[in-house]
Amino acid sequence: MIKTKKTKPVKEEEPKVEAKTVDVKADIIENLKNFENAAKAVSKALKFLRAEAGLTQAQLSKESGVSVRSIRRYESGDPSMTINTLVKLFDSLGFFCKC
């Protein structure tokens, strides 16, 4: 008969969730700030390039197939624009995107 040594189970320490949660929240807040800044930059670029091209929002709408209402929202900083819409608008302004 082989005798084996019984060992007590080792109790693993649980990770400190609180500290990690704070870091995740800070990261989320920082990413949201970056996202808001990016949306503002795209908004300003769109408005500037449209004006430089001498187009009204209605003319850009006709060229791009994006509604005037959406163009107004995007130029006002609405961050809900999809990549496809962004490509359509910038392509219509002569800036071709390879995405």
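Residues numbered from 1 in each chain as written. Predicted model: local features only at pLDDT ≥ 70, side-chain atom pairs only at ≥ 80, totals over all residues. Heavy atoms only, no water.

### What to know about the pattern of salt bridges
- Counting across every chain of the model gives two salt bridges.
- Here R50 makes a salt bridge to E75, at a shortest N to O gap of 2.5 Å. Residue R50 is located in helix α1 (residues 17-52), and its partner E75 is located in helix α3 (residues 68-75); the two are separated by 25 residues in the primary sequence.
- Relative accessible area serves as the criterion here: at 12%, R50 is assigned to the buried category.
- Here D78 makes a salt bridge to R73, at a shortest N to O gap of 2.8 Å. (Salt bridge = Lys/Arg side-chain N within 4 Å of Asp/Glu carboxyl O. Helix = DSSP H or I, 4+ residues; strand = E, 2+ residues; numbered from the N terminus. Buried < 20%, exposed > 50% of the residue type's maximum accessible area, 1.4 Å probe, protein only.)

### A short note on the confidence of the model for the protein chain
- Looking at the protein chain, the pLDDT average stands at 80 and 71% of residues meet or exceed 70.
- Per-element averaging of pLDDT across the protein chain places α1 at the bottom with 76 and helix α2 (residues 57-64) at the top with 96. (pLDDT = per-residue confidence, 0-100.)

### Some points on α3
- When α3 is considered as a whole, its buried residues turn out to be S70, I71, Y74 and E75. The buried residues of α3 occupy one face: seen down the axis, they fall within an arc of 130°.
- Remark: G77 follows α3 within two positions and exhibits a positive phi of approximately 100°. (Arc of directions from axis to C-beta.)

### Thoughts on the environment of A39
- Within the element layout of this structure, A39 appears in helix α1.
- We classify A39 as buried; its relative accessible area is 16%.
- Sequence spacing of A39 and M81 is 42 residues, and the spatial spacing of their C-alpha atoms is 8.8 Å.
- Sequence-distant contacts of A39, defined by excluding residues within four places in its chain, comprise G77 and P79. (Contact = heavy atoms within 4.5 Å.)

### Notes on the packing of α2 against helix α4 (residues 83-92)
- Between α2 and α4, the least distance of the axes is 9 Å, while the angle of their chain directions is 110°. As the angle between them shows, α2 and α4 are arranged roughly perpendicular. When α2 is examined against α4, the residues L60, E63 and S64 are found in contact with a partner set consisting of K88, L89 and S92.
- For the contact of α2 with α4, a count of residues per class yields two nonpolar, two polar and two charged. (Axes fitted to C-alpha atoms, helices over the stretch in contact; angles between N-to-C directions. Parallel < 35°, antiparallel > 145°, perpendicular 65-115°, else oblique. Nonpolar A, V, L, I, M, F, W, Y, C, P; charged D, E, K, R; others polar.)

### Overview of α2
- Buried within α2 we find Q57, L60, S61 and S64. Within α2, the buried residues cover an arc of 105° as seen down the axis, which keeps them to one side. Facing away from the buried side of α2, by more than 90 degrees, are the exposed residues K62 and E63.
- Phi for G65, located one or two positions after α2, is positive at around 85°.

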